[in-house]
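Here's the letter readout for the chains.
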Amino acid sequence: MIWKTAWKNVWRNKIRSMVVIASVTIGIFGGIFAVAVMNGAIEQRVDAALNEEISHIHINDPAFRDNYDMQLHIPNPAQVLTSLRETPGVTAVSSRTIITAMANTATKSAGVQMIGIDPEEEKKVLRLHNTTIPGTGDFFETKSRSKLAYIGQDLAKELNIIRYRIDAAMLDSLASEEVPIEVLDKLTPFKGQRFSSEKAFKKEMKRVLSLKEQHNYGALILEKAWSFRARSKMTLTFLDKDQMQTGAVFRIAGIYDIKNSMYEMSQVLVKNEDLLDLTGLAPDHFHQMFVRLNDMESTMAIAASLEEKLPGLEVLNWKEIQPDLAMMTDLVQNFYAIFMVIILAALAFGIVNTMLMVVLERTKELGMLTAIGMNKKRVFGMIMLESVFLSLVGGVTGMIISKILIGMTATKGINFASYQEGFEAMGFASHIYPVISTSFFITVTVLIVITGILSSIYPALKALKLDPAEALRTE
Amino acid sequence: MKVLELKNVHKIYNSSEVKVHAVNGVTLDFDKGEFAAIVGPSGSGKTTLLNMIGGLDTPTEGEIMVDHTNLAGLKSSALIDFRMRNIGFVFQSYNLIPVLTAKENVEFIMSLQKWNRKDRDERTYELLKAVGLEDRVNSRPSKLSGGQQQRVAVARALASKPKFVLADEPTANLDSKSTETLLDIMEELNKEEGITFIFSTHDARVVKKARRVITVEDGKVISDERKN
């Protein structure tokens, strides 16, 4: 009966209760959705890092990462490879030769890391090949004996390898996407023109298009104007094994786009045989091995066992390779809980205020209940239940709304295109797919109940202090 | 068989400016099945007396024995429990729980006492029928007239078969027709259930119905008449 009475009391003053419930709903929804977006961004970052950049475990000489000395290679690589492949939980291993180089085109240059790989091995360890921009090449498939390179989109833009051109085909393509004729008319004077950089192209577009047109069609125009001539040339210069400068012209056989500016600017993949041939290093001269596991959760255990198996080599798990990722995944859960606690603490004040009004308004009724035999425990319990119900109704509503919205955005994602550069500079994709675990919902539910209970304490204690005889005399 | 005994009960209120002797040496006892009214002008001490009988206030001096239990000797939580099991209350302003129906208001005490559902329902329907509200079982107080609400309050007071029912000015907010109906019902229930009714009242109609009239003035009992 106490439960029924408490539940009905919540709806006694519908407007007041709805205001409190609405505030809890908005607070919970806002908190959960914000966490889902942050969580989605971090999960995407970790997923991208593990699957496109670093994999799970690295093996190298203990001093190699200090200054990437080309002489510090992995001794007995065949033995090490065998040992790794025989380790339970290891699905694939790739070997890499790493040289610091300068990438040059006619107009620009940039410092890069030149990584010699075996494309077939590499495809089993990382899925970088899946991020190749269509139409830019077939680096991982081709059997061509030319010197080929696979570079990031940001590096390609930096070196002016990617151009932006407006031509008839591009304008037709925009028309088929239902870009308004007024916009096409503004682009037509640029027909036949090629812009050497994204910056130059965007500058002209800003000049001719209105803000609204830029917002609505800017990204599409940029995408359609993007142009790359297959097998464009790039020179890579570096030092050979004797510290003599050398280099070669490479043809670009693929451009990858992983939404990580830093990586795209620095990592150039070439075929191992080309790199070893140019540097004069031995055919089995590898600086690093990347190890892919079948289960991310087993990384620490397997890394520990490899350390024992491979004394004299440095074995690094992904959290040690990228400590910023480790911080994001390990600390961030605590941060989410603190974030929700702060939101709920703010909401609690509203609930306390409402419950104090409830106790004040019902002084006579509470006096009557005590008079007819409702003991202090039950009075306390009834007020606490009202507070918990108030919090839960708002909390559950907020959770349902956030679940629906997360469900809707989980497949389409949220596009922060306006901030794309900033996101990619930090290694994050600008198109985020919110995600939240069931355990987080459970945590939030528990926190809501605790908030309801704690919010009820002061009002309930006020109720307990009422003298029934005096309370009954209240008007 | 005595259900209630007051032995030399005093209640003195001490404020910083004045000392008020609200109840001044009252000695009374009540048998099972009595239908008694305590009358007196405002300030005579009858409400204070009723509060002490009901365990809502403690005497400064003296004893109040309910079924051989001294109320003054009980701690707060024990007193509340004692009230729940032994004393029924009918208040001037009905004091029903507005969010509960007539049925839920009547069965409230029984649910606190953990009666099983079958017995609870049986007793509830029996009482609501006795007070003439069997067709308003699922109505909330806001849908009932003042007289109907007070009848529900009477049913609630009797629900757990208390030793006695204290009614403080139960007819003060009712019209004459409702008052007559209510008094008839209470008299009928008094006879049927054998539960003692003690009224605190100014209402002459209540005094007329009562079989015992205790007059209080300045905190003292000045007369105690039993009618045949």
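Everything quoted here is computed from the prediction, not taken from an experiment.

### Considerations on the overall build of chain B
In terms of regular secondary structure, chain B is built from seven helices and 10 strands. Against the compact-globule benchmark of 17 Å for 228 residues, chain B has a radius of gyration of 17 Å, which places it among compact chains. For chain B, buried positions account for 49% of its 228 residues. Taking the contacts inside chain B whose residues are at least 6 apart along the sequence as the reference set, 70% of them involve residues at least 24 apart.

### With respect to the overall build of chain A
Looking only at helices and strands, chain A has 20 helices and 14 strands in total. For 475 residues, the compact-globule formula gives about 23 Å, and the C-alpha radius of gyration of chain A, at 31 Å, lies well above that figure. Taken over the C-alpha atoms alone, chain A extends approximately 100 × 70 × 30 Å along its principal axes. The contacts of chain A with a sequence gap of at least 6 include a subset with a gap of at least 24, amounting to 80%.

### Here we look at the interface of chain B and chain A
Contact residues are listed per partner, giving 19 residues for chain B and 19 residues for chain A. Looking at the side of chain B that touches chain A, the elements with two or more residues in it are helix 2 (76–86) and helix 3 (102–112) of chain B. Looking at the side of chain B that touches chain A element by element, the count peaks at five residues for helix 2 of chain B. Of the residues that constitute the side of chain B that touches chain A, the class distribution is 11 nonpolar, five polar and three charged.

### Remarks on the environment of F164 of chain B
Residue and element names in this part refer to chain B. Along the polypeptide, F164 turns up in strand 7 (residues 164–168). In sequence terms F164 and T181 are 17 residues apart; their C-alpha atoms lie 21 Å from each other. If sequence neighbours within four positions are ignored, F164 has contacts with V3, L4, F30, I87, I195, T196 and I198.

### Some words on the sheet that holds strand 7 (residues 226–228) of chain A
All names here are of chain A. What the three strands build is an open sheet, ordered 6-5-7; its pairing is antiparallel. Looking at the sheet topology across the chains shown, the edges are occupied by strand 6 (194–195) and strand 7. Sheet analysis places strand 5 (residues 162–165) next to strand 7, joined by three bridges and oriented antiparallel. Following the sheet pairing, Y164 is matched in strand 7 by W226.

### Here we look at helix 19 (residues 438–464) of chain A
Residue and element names in this part refer to chain A. Helix length check: helix 19, at 27 residues, gives a terminal C-alpha distance of 38 Å against a target of 39 Å (1.5 Å per residue), a fit within 8%. Where helix 19 bends most, at I457, the angle is about 40 degrees, and the proline P459 comes one to four residues later. Considered for burial, the residues of helix 19 that qualify are V444, L447, I448, T451, G452, S455, S456, P459, A460 and A463.

### Focus on the packing of helix 3 of chain B against helix 4 (residues 117–130) of chain B
Residues and elements named next belong to chain B. Between helix 3 and helix 4, the shortest axis-to-axis distance is 9 Å and the interhelical angle comes to 130 degrees. Judged by the angle between their axes, helix 3 and helix 4 are oblique. The interaxial crossing formed by helix 3 with helix 4 has right-handed handedness. Facing A102, K103, V106, E107, M110 and S111 of helix 3, the residues of helix 4 in contact are R120, R123, T124, L127 and L128. Classifying every residue of the contact of helix 3 with helix 4 gives five nonpolar, two polar and four charged.

### Notes on helix 7 (residues 168–176) of chain A
Residues and elements named next belong to chain A. Taken together, the buried positions of helix 7 are M170, L171 and L174. The arc that holds the buried residues of helix 7, viewed along the axis, is 95 degrees, so those residues lie on one side. Exposed positions of helix 7 whose direction lies more than 90 degrees from the buried face are A168, A169, D172 and S176. Just downstream of helix 7, E178 is the residue with a positive phi angle, here 65 degrees.

### Comments concerning the pairing of strand 3 (residues 35–39) of chain B
Residues and elements named next belong to chain B. Along strand 3, five of the five residues are buried, which leaves the element largely enclosed by surrounding structure. Burial of the side chains of strand 3 extends over both faces: F35, A37 and V39 are buried on one face and A36 and I38 on the other. With four bridges connecting them, strand 3 and strand 9 (residues 212–217) associate as parallel partners. In the strand pairing of strand 9, V39 is matched with T215.

### Quick notes on the confidence of the model for chain B
Looking at chain B as a whole, its pLDDT mean stands at 88, while 99% of the residues score no less than 70. Note on the complex model: pTM 0.76, ipTM 0.86.

### Some points on unusual backbone geometry
For E178 of chain A, which is not glycine, the phi dihedral falls at a positive 65 degrees. Along the polypeptide, E178 of chain A turns up in the loop between helix 7 and helix 8 (181–187). Taking the number of C-beta atoms within 10 Å as the measure of exposure, E178 of chain A has 7 and is therefore exposed. Here K161 of chain B, not a glycine, exhibits a phi torsion of approximately 55 degrees, which is positive.

### Focus on the domain arrangement of chain A
Split into domains, chain A comes out as domain 1 (2–48 + 325–472), domain 2 (55–160 + 232–321) and domain 3 (172–227). Taking only C-alpha atoms into account, the centre of domain 1 of chain A sits 47 Å from that of domain 3 of chain A.

### Things to note about the sheet that holds strand 1 (residues 2–14) of chain B
Residue and element names in this part refer to chain B. The strand order 2-1-4-5 describes an open sheet built from four strands, whose pairing is antiparallel. A strand with exactly one partner marks an edge of an open sheet, and here the two such strands are strand 2 (19–31) and strand 5 (69–70). The pairing of strand 4 (residues 61–66) with strand 5 spans two bridges and is classified as antiparallel. Counterpart to V66 in the pairing with strand 5 is T69. Packing against the sheet, helix 1 (residues 46–53) makes contact with strand 1, strand 2 and strand 4, and its axis sits at approximately 55 degrees to strand 2.

### As for the packing of helix 15 (residues 323–361) of chain A against helix 19 of chain A
All names here are of chain A. Two elements in contact, helix 15 and helix 19, have axes separated by 8 Å at closest approach and are oriented at 30 degrees. What the angle tells us is that helix 15 and helix 19 run roughly parallel. Crossing handedness for the pair helix 15 and helix 19: right-handed. Considered class by class, the residues forming the contact of helix 15 with helix 19 number 21 nonpolar, five polar and one charged.

### Quick word on the environment of M296 of chain A
All names here are of chain A. As for its position among the elements, M296 is in the loop between strand 11 (288–293) and helix 13 (299–309). Separated by 115 residues in sequence, M296 and T411 place their C-alpha atoms 23 Å apart. Those residues in contact with M296, other than ones at most four positions away along the chain, are L50 and H56.

### Description of the environment of A168 of chain A
Mapped onto the fold, A168 of chain A is located in helix 7. According to the C-beta neighbour criterion, A168 of chain A is exposed, with 10 such atoms within 10 Å.

Each value, and the rule that gives it
Within each chain, residues carry numbers counting from 1 in the order of the written sequence. The lettering of chains begins at A and the numbering of ligands begins at 1, in the order of writing. Side-chain atom pairs in this predicted model are given and counted only at pLDDT of 80 or more, local residue features only at pLDDT of at least 70, and totals for whole chains, interfaces and linings cover all residues. Elements are defined by DSSP. Helices are runs of H or I of four residues or more, strands are runs of E of two residues or more, and each kind is numbered from the N terminus. We compute the radius of gyration from the C-alpha atoms alone; for a globule the expected value is 2.2 Å times N to the 0.38, where N is the number of residues. To assign burial, the other C-beta atoms lying within 10 Å of each residue's own C-beta are counted, with C-beta atoms placed from the backbone; 20 or more indicates buried, 12 or fewer indicates exposed, and intermediate counts indicate partly exposed. Contact between residues is assigned whenever the C-beta positions, reconstructed from backbone atoms, fall within 7 Å. Gly is put with the polar residues, along with every residue not named as nonpolar or charged; the nonpolar set is Ala, Val, Leu, Ile, Met, Phe, Trp, Tyr, Cys and Pro, and the charged set is Asp, Glu, Lys and Arg. Only when DSSP finds a minimum of two bridges between them are two strands counted as paired. What a helix is expected to span follows from its residue count: subtract one and scale by 1.5 Å. A residue's bend is the angle separating two fitted axes: one through the seven residues that end there, the other through the seven that start there. Whenever a helix is involved, its axis is fitted only over the stretch in contact; in every case the axis is a line through C-alpha atoms, and angles between N-to-C directions fall within 0 to 180 degrees. Here the angle decides the label: under 35 degrees means roughly parallel, over 145 means roughly antiparallel, 65 to 115 means roughly perpendicular, and every other value means oblique. It is the rotation of the near helix from the far one that decides the hand of a crossing: anticlockwise by less than a right angle makes it left-handed, clockwise makes it right-handed. The arc in question is traced by the directions running from the helix axis to the C-beta atoms. Per-residue confidence from the predictor is given as pLDDT, running between 0 and 100. Domain ranges listed in this record stem from an automatic or a database domain assignment.

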